[in-house]
Amino acid sequence: SITLNWQSTSGSLSFTVQYKLSTAASWTTVSGITSRQYNLTGLQPNTQYTWRVTGECDSGYSQEATFTSGQTVYCTPAYTYDGCYYGIGINQVVLN
């Protein structure tokens, strides 16, 4: 499994995560997340995924980030307050 983590400056208390195979057109959507992390399970091994996140107080999704399942460390673009157009940004992905 993979734990997705993010930061939010928008005041959102509920978040929606979308993820997909990086080569896929459609997203899997998980809504009603009440913390700033989410545990993804059932991923295909050694496969690249793309993910993004939004909150109920945000006007759109964060920038997309990718990770490859089966790798030991994942780093995605760091969250910065000034650089985050929607008030929400991707922080890190941790392999469990």
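So, how was this worked out
- Residues numbered from 1 in each chain as written.
- Predicted model: local features only at pLDDT ≥ 70, side-chain atom pairs only at ≥ 80, totals over all residues.
- Heavy atoms only, no water.
- Helix = DSSP H or I, 4+ residues; strand = E, 2+ residues; numbered from the N terminus.
- Buried < 20%, exposed > 50% of the residue type's maximum accessible area, 1.4 Å probe, protein only.
- Areas by Shrake-Rupley, 256 points an atom, 1.4 Å probe, with all protein chains shown as cover.
- pLDDT = per-residue confidence, 0-100.
- Contact = heavy atoms within 4.5 Å.
- Phe/Tyr/Trp six-rings, centres within 6.5 Å; stacked < 30°, edge-to-face > 60°.
- Lys NZ or Arg CZ within 6 Å of the ring centre and 35° of its normal.

1. Quick notes on the overall build of the protein chain
Then, number 1: A tally of helices and strands in the protein chain yields zero helices and eight strands.
Then, number 2: Helices and strands appear in the protein chain in the N-to-C order β-β-β-β-β-β-β-β.
Then, number 3: Residue burial in the protein chain is summarised as follows: out of 96 residues, 41% are buried.
Then, number 4: For the protein chain, the accessible surface area stands at approximately 5,400 Å², while carbon and sulfur atoms represent 46% of it.

2. Quick look at the confidence of the model for the protein chain
Detailed reading of the predicted model is not advised wherever pLDDT is low.
Then, number 1: Summing up the model confidence of the protein chain, the mean pLDDT is 76 and the portion of residues at 70 or higher is 70%.
Then, number 2: For the protein chain, the element scoring lowest by mean pLDDT is strand 7 (residues 74–75), at 52; strand 3 (residues 28–33) scores highest, at 95.
Then, number 3: In the predicted structure, residues 77–87 sits below a pLDDT of 50 and forms 19 contacts with residues beyond four places in sequence or in another chain.

3. Concerning the packing of aromatic side chains
Think of a pair of aromatic rings as described by two things: how far the centres are apart, and how the planes are tilted against each other in angle.
Then, number 1: As enumerated under the stated definition, the model contains two aromatic pairs in all.
Then, number 2: The interplanar angle of 55° and the centroid separation of 6.4 Å between the aromatic rings of Trp6 and Trp51 together place this pair among those described as tilted. Within this pair, whereas Trp6 is found in strand 1 (residues 2–8), its partner Trp51 is found in strand 5 (residues 48–55), the two being separated by 45 residues in sequence.
Then, number 3: Since its relative accessible area comes to 1%, Trp6 is described here as buried.
Then, number 4: Three or more aromatic residues joined by ring pairs make a cluster, and in this case those are Trp6, Phe15 and Trp51.
Then, number 5: For Lys20, the ring lying beneath its charged end belongs to Trp27, and the centroid distance is 4.7 Å.
Then, number 6: The ring of Trp27 carries the charged tip of Arg52 above its face, separated from the ring centre by 4.0 Å.

4. Brief notes about the environment of Ala65
Then, number 1: Within the secondary structure, Ala65 sits in strand 6 (residues 65–68).
Then, number 2: Residue class for Ala65 comes out buried when judged on its relative accessible area of 4%.
Then, number 3: A C-alpha to C-alpha distance of 9.6 Å links Ala65 and Tyr19, two positions 46 residues apart in sequence.

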